[in-house]
Amino acid sequence: MKFLCLAYGDEDGWNGLSDEEKQDALAQDKVIQDRGNFVSAVQPAVTAVRNWDNNLQVTEGIDKTHGLPLAGFSVIEAANVEEVVNLVADTPCARANGVIEIRQLWDINS
């Protein structure tokens, strides 16, 4: 199974970690990458697209619906969600007062 992991966090949380905590968190990102999974941070610039009722709206800026900007994402192949939780629990956003959303991807190519 594949899982999309959306990492939400900000610089304040990251800057609140010690250098050792930062290195540990980045090392966990490396563990996920070494498994062959894709991990990336994102730029702070955001373009949001909505096309509700054929009314196209394109806006610039972060959606503050849940309070934290999207900081990065990964696509992880794992046996189950518990395995993914164990992999992302010590990543930068999870450690730095952020949130990781995990969503199972549907295999639409089968």
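The model shown is predicted, which means the values in this text are computed figures rather than measured ones. (Residues numbered from 1 in each chain as written. Predicted model: local features only at pLDDT ≥ 70, side-chain atom pairs only at ≥ 80, totals over all residues. Heavy atoms only, no water.)

*Asks:* What is the right way to read the pairing of strand β1 (residues 2-8) from this model?
*Replies:* It is a general feature of regular strands that their side chains alternate between the two faces of the sheet. Counted residue by residue, β1 has five buried out of seven residues, so it is predominantly covered. By the bridge criterion, seven bridges tie β1 to strand β5 (residues 70-77) in an arrangement that is antiparallel. Following the sheet pairing, K2 is matched in β5 by E77. Relative to strand β6 (residues 99-104), β1 runs antiparallel, the two being bridged by six bridges. Of the residues in β6, the one forming a bridge with A7 is I100. (Buried < 20%, exposed > 50% of the residue type's maximum accessible area, 1.4 Å probe, protein only. Helix = DSSP H or I, 4+ residues; strand = E, 2+ residues; numbered from the N terminus. Pairing = 2+ DSSP bridges.)

*Asks:* I'm lost on the sheet that holds β1 in this one. Help?
*Replies:* Within a sheet, adjacent strands bond to each other through the backbone by hydrogen bonds, running parallel or antiparallel. Spatial ordering of the open sheet is given by β2-β5-β1-β6, a layout of four strands whose pairing is antiparallel. Only two strands of the sheet have a single partner each, and these edge strands are β2 (38-41) and β6. With direction set aside, neighbouring strand axes in the sheet form an average angle of 15°. Sitting on the sheet, helix α3 (residues 81-88) touches β1, β5 and β6, and the angle it makes with β6 is about 155°. (Axes fitted to C-alpha atoms, helices over the stretch in contact; angles between N-to-C directions. Contact = heavy atoms within 4.5 Å.)

*Asks:* Where do I start with α3 in this structure?
*Replies:* Three- or four-residue spacings in an α-helix give side chains the same orientation, since the helix completes a turn every 3.6 residues. All of the buried residues along α3 are V84, L87 and V88. Buried residues in α3, looked at end-on, bunch into an arc of 85°, giving them a common side. If you follow the buried residues of α3, they end up packed against β1, α2 (19-34), β5, α4 (92-95) and β6. The N-cap of α3, judged by a side-chain oxygen 3.2 Å from the amide nitrogen of E82 a few residues on, is N80. (Arc of directions from axis to C-beta. Polar contact = N/O pair within 3.5 Å; in protein donor to acceptor, adjacent residues only side chain to side chain.)

*Asks:* What should I look at first to understand the nonpolar core in this one?
*Replies:* Here is a general trend for soluble globular proteins: nonpolar side chains tend to be buried in one another's company. F3, C5, I32, V39, I76, A78, V84, L87 and V88 together form the largest nonpolar core, which totals nine residues. Of all the elements in the fold, those that place two or more residues in this core are β1 and α3. Considering each element in turn, this core owes the most residues, three residues, to α3. Not counting chain neighbours up to four residues away, the residues in contact with I76 comprise M1, K2, F3, C5, I32, N37, V84, L87 and V88. (Core = buried A, V, L, I, M, F, W, Y, C linked by side-chain atoms within 4.5 Å.)

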